[in-house]
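# Geometric and topological summary
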There are 2 protein chains.
Amino acid sequence: MAPTSSILWRNLRVHQIYGANTDVGKTVFTTILCNAVAKRYKRDQTFFLKPVSTGLAQESDSWSLLSAISEHIARRAEHGPGWLFLETAGGVHSPGPSGTTQADLYTPLRAPVVLVGDAKLGGISQTIAAFEALKIRGHDIEAVLLFRDLEYKNYVYLRDYFQTRGHVPVETVSPPPAQCEDDSSETASMLSYYDSASSEDGMAGILHALDQRAKDRIARLDSMRDKASNTIWYPFTQQKLLTPDRISVIDSAHGDYFQVLDSESQSSSNRPLLKPAFDGSASWWTQGLGHANPQLTLAAAYAAGRYGHVMFAEAIHEPALALAELLLKELGNPRLSRVFYSDNGSTGCEVAVKMGLRAARTRYGWAPGERLEILGLKGSYHGDTMGAMDCSQPCAFNEKVEWYDGKGFWFDYPTVQCTNGKWTVAVPDALRNDLGDSTQFASLSSVFDLDSRTRDGQFEGYKRYISETLEQLHDQGRRFGALMLEPVVLGAGGMLLVDPLFQRALVEVVRASSHLFETTAPSSPPTSDEHASSWSGLPVIFDEVFTGLYRLGRFSAASLLGVNPDISVHAKLLTGGLVPLCATVASEPIFAAFASDDKSDALLHGHSYTAHAVGCQVALESLSEMQSLDARGAWDWAKANGWSAAQTPPDTTMTAASVINSSSSGDSSDVNYSKGLVWSIWSRDFVENVSQKMDKVSGVWALGSVLAISMRDEKGSGYKSNAAVSLRTALHKGAGSWNAHTRVLGNVFYVMGGQKTDKETVEELQALILDFLDS
Amino acid sequence: MAPTSSILWRNLRVHQIYGANTDVGKTVFTTILCNAVAKRYKRDQTFFLKPVSTGLAQESDSWSLLSAISEHIARRAEHGPGWLFLETAGGVHSPGPSGTTQADLYTPLRAPVVLVGDAKLGGISQTIAAFEALKIRGHDIEAVLLFRDLEYKNYVYLRDYFQTRGHVPVETVSPPPAQCEDDSSETASMLSYYDSASSEDGMAGILHALDQRAKDRIARLDSMRDKASNTIWYPFTQQKLLTPDRISVIDSAHGDYFQVLDSESQSSSNRPLLKPAFDGSASWWTQGLGHANPQLTLAAAYAAGRYGHVMFAEAIHEPALALAELLLKELGNPRLSRVFYSDNGSTGCEVAVKMGLRAARTRYGWAPGERLEILGLKGSYHGDTMGAMDCSQPCAFNEKVEWYDGKGFWFDYPTVQCTNGKWTVAVPDALRNDLGDSTQFASLSSVFDLDSRTRDGQFEGYKRYISETLEQLHDQGRRFGALMLEPVVLGAGGMLLVDPLFQRALVEVVRASSHLFETTAPSSPPTSDEHASSWSGLPVIFDEVFTGLYRLGRFSAASLLGVNPDISVHAKLLTGGLVPLCATVASEPIFAAFASDDKSDALLHGHSYTAHAVGCQVALESLSEMQSLDARGAWDWAKANGWSAAQTPPDTTMTAASVINSSSSGDSSDVNYSKGLVWSIWSRDFVENVSQKMDKVSGVWALGSVLAISMRDEKGSGYKSNAAVSLRTALHKGAGSWNAHTRVLGNVFYVMGGQKTDKETVEELQALILDFLDS
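Reading the values: rules and limits
- Residues numbered from 1 in each chain as written.
- Chains lettered and ligands numbered in written order.
- Predicted model: local features only at pLDDT ≥ 70, side-chain atom pairs only at ≥ 80, totals over all residues.
- UniProt positions renumbered as here; feature names shortened; annotations may be inferred.
- Helix = DSSP H or I, 4+ residues; strand = E, 2+ residues; numbered from the N terminus.
- Rg over C-alpha atoms; globule rule 2.2 N^0.38 Å.
- Contact = placed C-beta atoms within 7 Å.
- Nonpolar A, V, L, I, M, F, W, Y, C, P; charged D, E, K, R; others polar.
- Pairing = 2+ DSSP bridges.
- Least-squares fit on C-alpha atoms with pLDDT ≥ 70 in both.
- Core = buried A, V, L, I, M, F, W, Y, C linked by C-beta atoms within 7 Å.
- Buried ≥ 20, exposed ≤ 12 C-beta atoms within 10 Å, placed from the backbone.
- Domains from an automatic or database assignment.
- Axes fitted to C-alpha atoms, helices over the stretch in contact; angles between N-to-C directions.
- Parallel < 35°, antiparallel > 145°, perpendicular 65-115°, else oblique.
- Left-handed = near helix turned anticlockwise from the far one by under 90°.
- pLDDT = per-residue confidence, 0-100.
- Expected span 1.5 Å × (residues − 1).

Naming follows an unreviewed UniProt entry, where chain A appears as Dethiobiotin synthase of Thyridium curvatum. In the Subcellular location (unreviewed entry) part of its UniProt record, chain A is described as follows: "Mitochondrion".

What follows is the structure, given as structure tokens:
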């Protein structure tokens, strides 16, 4: 099923006719509009459609048929604008056949709205409420029409009201004549009425305004690339290389899809202007419940209407407290007890670092000026602010930033990919000593079966490598203040799936190695060690900004490692993809490190909009809905997508002694599946199939909603590689009526869905990708 | 006039009865509810009020009377809950006597809502639309009641619909009997109907649910301080010193006021629980159009409904482009041509610094690793992220931050205050050489009359001091990448009003001193110098996060200095105080410094929610509305508040030769006033009066919506001073039925309004402040 396209044509004016109530005259007004058009334009290019009556609008599925109809009309109307009026059924929230109400049903079409107001007693209220119901779904209401009722004169009030709310014109016609006794008089009387009503100046004015608005909208869309190219300074973009034609003009977005201006439409009036594009980066990894989700909108608007924003220092409001409580409970990490809010992942990671460094410094008694470093992984990335960048090793992201001053040691680590049909842990040179260069597993679940794998020699090998490294660093006199990891997947660093066993080993070794971090006698005796949530070695920070909150299929990515960090950072999906918000969650001993009678010992960090009510309320709604999706089994289709052990093709990957867990824990994937441990919306068959396209692909993995394909690049991998661009381009070309917007990270192509992306959509994307790989 | 208090009592249940339409049976249902209460509770404690019919609800002004009535009832109902039902008039958006619609009119009361649904044809739509109109104004709808119409059965659909939208219970009763022929039968029939309807189980269930929700709400409010104290990590707060009783529990906010839990109500059931508190820090300087402004809510919801958030790299959407265009036009700075979006002032300042440093480095040919510094003012503050902190000199905000590494030279500078009735520019030791220690002016307008003052010796003196300092720095071999200033006022650094002439001199000298910054021959010949917007010397960054967008009375604070920066940062008021957003605006030559064929030369900065549609749309609405307020003369009362020259008391401050501009430009304040240059919502009389309370006050200034009073502190000033706390405490005690929340910065007490704060409110605050100073 192809996604819905918004309806916009150069030579066809399409409007939705909504009613503020039933029985307000929608059909009468639509007929008048049609007559008025016929008087002004060509009669045979005016159309009037009632999608519900005609069997369309069963659900948004059927909009493709509507698309075809509008295309047919647009082609007929080549020499002048045709007009198509879509009359909705009942009031704005009257349920359609599927139960979805009109206002939601027609949202993806985004045709401008003519709202037929209510001229009766109480009609002012009905008209404004209808206007708002449409507005909060992103509809553009371009005219309000109602009968010129001289008793209530609702139009007088409404004219002023809408004038100050977007200058929406309000126009009236006299009401239709009273019903006649016989049918033929009735018909004659109505014909005469329509003739005169459609001749009124007001109607001509409205038509002109609607036509002008449509022209303005199209002209604006046509001009936006160039204007953006000249006025916007784009994030993370070498704009010298960004020609205007490569800028996507996004008219709206709904569910998984943007509605993007089709540049080819500019040279052909026979093409629709807008084309759906799958949001394959989930808008920089933020989207969960789909674009323009009405429940998130309503949550945001409720908080805006209840609080606006209220300052948070020394104050508390319900959404901030409730969100803190929800996070602490659902993260399931008994160490965590405190929530600090900020505005995005970068600032949240800076807060985490400030927390970790202070805790370590006070524990180990170092002076404030002492140079402290971070332990991390090569290629890790924690955001773009300078402090967050300093947590990463020198790389393309920071090497030219004037104030970059990386402070840390970054470990090599083994990574996981499916290569030529085999789930493989590849060990880098630095670790190879006694680990060999790669290990193969029966399934991704086996890789994540840490209960078994921690009993393996590989785990001891990892720990030995880590310990030896820490001892060398200690001998060099370097001082570390925190271990900071993106659990499971390194995002911006190249979509790398790290061997979870290695991250587990790293945390365990660091926690067991206090002696390697204290360079002087501890200033405060570690009495806090008795505390259940006390930290040892170094504070462990997990940056779950990308990996957490169901992106990898679970509320917390840490749970995939079976590790409880001391500090955990959450953003992106936190608000389901609507507004910026970040929560840095910490343990009580970390918090206690800032306690003092001196206010300058406090964590002196805080942004103006800290814990803004809109963000917190949206996060509450979003997290609750994702939990509810989980509980309702909404992802069962994905879990059954080959990821369950029962569906694992027997023995396919067990080829050698290097296959681990094949017999001893052949059913471990079963165990993990039953825990919901590892699964993906991308089917296992597809992933393993991709991994066998060895001429183009060097490896692939999928977890949760993420798929990452490492493309072969003879010139080497890394951020500057262009190897993945051709796959990206193929998806951008798409499948005729729609395409997919994706991003690449050097030689890694990745694509991800939201938490409501359905099976059919995933299958279509899989087919597109395989088409390219087979070409 | 006292501000409205939300109505919440321990022993009185107050509900608003809204109708989904006229003629849906609001009065019938309210009567049934009253009868049901009487059956269950004491009859004499049930009340039914129609504010419109009783002459209340002329406008929110009259809510104080309603408060008094509810207080009276609450006192009567000492031994058990009383019930008060407030029946609204017509539908949710039926206009009240003043023209404001019901949904907006009752917002500040925030009594929970019983929505009477529409059982008729089309009633599903009416009921949902009404629900949403209430919800987006922050109302809590706790029950939906409607007639059990067996033809349409709207309640069946609505029950499911509201179950999945907040579990709102939907209950029905049978419709009232048909009208009888005579009055007495009618009465008997209705009495019997009410008796039976109010006995239905469903009604008892609803009453129980309403009662339970009220108890839960109160219990939650009572517990929030302690819970917050245990789960929240507060920004910028030494939490060891923050006892739970000092945490403000904010139930909602409206206009200038929070609704805060009155802790004294916990020991007395005779006290209302909520008390209005003036938001005297404008919620950390963010508020412009008032809390919970319905127009901003609708703008936010529209963008959420149209886009959600769409990723911004290589894409454009209407709100982001329109906002960029508006900013570029209205900042009125011909140098600026590019808008970079981020999430808050800190990140926006980091972006500005990255821009400035790169431009200087490429111009002057320095290597990437070279240590570059910032020129700034002592006490300047640009945010809490580490990179932003590094732009400030060592101080209480950063001295204990482990990775703080201040990189800059920070100038001393003269400040402006009214002291003992005189507008005085105080010159610090470093500049005194030939400038004396202070200069007095006839008015604040004279201080800002830079056209005259740049012709003075003082200007030359400033420039000489700056030049000499730059030469010394040059001789020391230090390299600078940008001049970064908060124009006019240093915010977090202590609410210091800097002599505008000094900032003007600083910019002019830096721009004229290229030879003092280039330490090697320029790598690229300065051909760009021919460009009208080219920079010379150093890129000039203005951090207008606090000072811009009408906080000081003008769209741009730079315009008060007559200076056009190369980079300008805007946040806080940008979104009128609703959600985080920041815009860093730059010139084309700055932008061009990142142009290259290598993508790693790009400005590699960008947050997930960069240019989020909700923020951009709200900013558009907010800025347009503030401009419209300006154009409509909404601040004329403030401009006439003694700030106009005509109202300057003649000669009062012209006492000596040190008075500048008294004769030569005695009318310059007139000129400036006509330009709208300097004015404040705080009256000049009041400010000058405060400045004469010499036992407590060392100086005071007011500009735009800001008032800052430096309190005398024998122990010295600065961030750690507690001198201003007593004034803060006095305002927190307030005036009986309301109080004011303010913040202090060491010995500086400050308070500010929003851009819609009215004269009466300001006058009440002025009276409170004078009361304290006179005590």
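Once the structure has been displayed, the description carries forward.
What follows concerns the overall build of chain A. From N to C terminus, chain A includes 24 helices and 28 strands. Expected size for 775 residues packed as a compact globule is a radius of gyration near 28 Å; at 30 Å, chain A falls within 12% of this value. With respect to the principal axes defined by its C-alpha atoms, chain A has extents near 100 × 65 × 50 Å.

The next subject is the interface of chain B and chain A. Every contact between the two is made by 138 residues of chain B and, on the other side, 137 residues of chain A. It is helix H9 (residues 294-306) of chain B that contributes the most residues to the side of chain B that touches chain A, 10 residues altogether. In terms of residue class, the side of chain B that touches chain A is built from 66 nonpolar, 45 polar and 27 charged. As paired strands, strand S7 (residues 248-254) of chain A and strand S10 (residues 315-316) of chain B are joined by two bridges and run parallel to one another. The residue bridging Val249(A) from the neighbouring strand is Ile316(B), located in S10(B).

It takes a turn of 180 degrees to lay chain B on chain A, together with a shift of 0.0 Å along the axis; the resulting RMSD is 0.1 Å. Overall, the copies show the geometry of a two-fold rotation axis. Both copies contact each other with a shared surface, as 99% of the interface residues of chain B are interface residues in chain A too.

Attention now goes to the nonpolar core. Counting 511 residues, the largest nonpolar core has Leu115(A), Ala300(A), Leu483(A), Leu115(B), Ala300(B) and Leu483(B) as the members making the most contacts within it. Viewed by domain, this core spans two of them, domain 1 (12-218) and domain 2 (294-415 + 446-631) of chain B, each represented by three or more residues.

Right, let's get into the sheet that holds strand S8 (residues 257-261) of chain A. Strand order in this open sheet of five strands is S26(A)-S9(A)-S8(A)-S7(A)-S10(B), and the pairing throughout is mixed. This sheet does not close on itself; its edge strands, each paired only once, are strand S26 (739-741) of chain A together with S10 of chain B. Most of the contacts of helix H7 (residues 201-231) of chain A go to S7(A), to which it runs at about 120 degrees, and overall it touches S7 and S8 of chain A together with S10 of chain B.

Moving on, we get to the packing of helix H15 (residues 457-475) of chain B against helix H16 (residues 500-511) of chain B. Residue and element names in this part refer to chain B. H16 packs onto H15 with a crossing angle of 50 degrees between their chain directions and a minimal axis gap of 9 Å. Relative to H16, the element H15 is oriented oblique. Between H15 and H16 the crossing geometry is right-handed. For the pair H15 and H16, the contacting residues are Gln458, Phe459, Tyr462, Lys463, Ile466, Ser467 and Leu470 in the first and Leu501, Phe502, Ala505, Leu506, Glu508 and Val509 in the second. A per-class count over the contact of H15 with H16 returns nine nonpolar, two polar and two charged.

Turning to the sheet that holds strand S10 (residues 315-316) of chain A, a few remarks are in order. Neighbouring strands of a sheet are bound in pairs by backbone hydrogen bonds; such pairs are parallel or else antiparallel. Strand order in the open sheet formed by five strands is S10(A)-S7(B)-S8(B)-S9(B)-S26(B), and the pairing between neighbours is mixed. In the strand order of this sheet, the two ends are held by S10 of chain A together with strand S26 (739-741) of chain B, each with one partner. Alignment of strand S8 (residues 257-261) of chain B against strand S9 (residues 274-279) of chain B, held across five bridges, turns out to be antiparallel. Paired with Val260(B) across the strands is Lys275(B), a residue of S9(B).

Locating Leu191(A) in the fold gives a position in helix H6 (residues 183-197). With 258 residues separating them along the chain, Leu191(A) and Asp449(A) place their C-alpha atoms 76 Å apart.

Residue and element names in this part refer to chain B. Taking every second residue as pointing to the same face, both faces of strand S6 (residues 170-173) are buried, with Val170 and Thr172 on one and Glu171 and Val173 on the other. As judged from the four bridges shared by strand S5 (residues 141-147) and S6, these two strands associate in the parallel manner. Pairing of Phe147 across the sheet is with Val173, part of S6.

What follows deals with unusual backbone geometry. All names here are of chain B. Unusually for a residue other than glycine, Phe236 sits at a positive phi of about 50 degrees. Within the secondary structure, Phe236 sits in the loop between helix H7 (201-231) and strand S7 (248-254). Classification of Phe236 as buried rests on a count of 20 C-beta atoms within 10 Å. Positive phi, close to 75 degrees, is recorded for Val488, a residue that is not glycine. Relative to the elements of secondary structure, Val488 occurs in the loop between strand S17 (480-485) and strand S18 (489-490).

Before going further, it helps to examine the confidence of the model for chain A. Model confidence for chain A is summarised by a mean pLDDT of 90, while 91% of its residues fall at 70 or above. Contacts of residues 646-676 of chain A to residues separated by more than four positions or lying in other chains number 56 contacts, the stretch itself having pLDDT below 50.

The next thing to look at is the environment of Val114(A). All names here are of chain A. For Val114, the position within the fold is in strand S4 (residues 113-116). By C-beta crowding, Val114 is classed as buried, having 24 other C-beta atoms within 10 Å. With 27 residues separating them along the chain, Val114 and Ile141 place their C-alpha atoms 6.0 Å apart. Ignoring anything within four residues of it in the chain, the contact list for Val114 reads His15, Ile17, Glu142, Ala143 and Leu145.

Helix length check: helix H1 (residues 26-40) of chain A (15 residues) gives 21 Å between terminal C-alpha atoms against 21 Å at 1.5 Å per residue, within 8%. Within the span of H1(A), buried status applies to Lys26(A), Phe29(A), Thr30(A), Thr31(A), Ile32(A), Leu33(A), Asn35(A), Ala36(A) and Val37(A).

This brings us to the pairing of strand S20 (residues 540-543) of chain A. All names here are of chain A. Judged by which residues are buried, S20 turns out to be covered on both faces: Val540 and Phe542 on one side and Ile541 and Asp543 on the other are all buried. Examined bridge by bridge, strand S17 (residues 480-485) and S20 share three bridges and lie parallel to one another. Bridge assignment links Leu483 to a residue of S20, and that residue is Val540. Sheet topology places S20 next to strand S21 (residues 567-570); three bridges connect them, and they run parallel. Residue pairing in the sheet places Phe542 in a bridge with Ser568 of S21.

Turning our attention to the environment of Val416(B). Residues and elements named next belong to chain B. As for its placement among the helices and strands, Val416 is situated in strand S14 (residues 415-419). Given 26 C-beta atoms within a 10 Å radius, Val416 is considered buried. Taking the C-alpha atoms as reference, Val416 lies 9.5 Å from Gln440; in sequence the two are 24 residues apart. Leaving out residues up to four positions away in the same chain, Val416 has contacts with Trp423, Val425, Val447, Leu497, Asp499 and Trp701.

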